[in-house]
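As a plain string of letters, each chain reads:
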Amino acid sequence: MITGRDEIAQAWQDAHAAGLRSSEGTDTTTTVTTTWNRPMIALGVAALLWVIAAQLF
């Protein structure tokens, strides 16, 4: 089962294989890059630390 970022990457590759051009206009390579959402990771870490601190004090 494909979920999340893998599903998005697969849809992009399927569209590229169907002949649709990428936003950069290059058709020589089929690459997909993804990035982590750093602000949400930082928020999640802060929330986790807050929960741990609340349990300890």
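Here, every reference points to the structure presented above.
Residues numbered from 1 in each chain as written. Predicted model: local features only at pLDDT ≥ 70, side-chain atom pairs only at ≥ 80, totals over all residues. Heavy atoms only, no water.

Draft legend 1. Broad picture of the overall build of the chain. The secondary structure content of the chain amounts to two helices and zero strands. In the chain, which comprises 57 residues, the proportion classed as buried is 5%. Summing over all exposed atoms, the chain offers an accessible surface of approximately 5,300 Å²; the carbon and sulfur share of this is 63%. (Helix = DSSP H or I, 4+ residues; strand = E, 2+ residues; numbered from the N terminus. Buried < 20%, exposed > 50% of the residue type's maximum accessible area, 1.4 Å probe, protein only. Areas by Shrake-Rupley, 256 points an atom, 1.4 Å probe, with all protein chains shown as cover.)

Draft legend 2. Highlighting a nonpolar patch on the surface. A contiguous nonpolar patch, built from Trp 36, Ile 41, Val 45, Leu 48, Leu 49, Ile 52, Leu 56 and Phe 57 and spanning about 960 Å² of accessible area, is present on the exposed surface. Looking at the element boundaries, Leu 49 is found in helix 2 (residues 38–56). Look at Leu 49 and you get exposed, because its relative accessible area is 53%. (Patch = residues over 30% accessible without salt bridge, like charges linked within 9 Å, V, L, I, M, F, W, Y side chains within 5 Å. Salt bridge = Lys/Arg side-chain N within 4 Å of Asp/Glu carboxyl O.)

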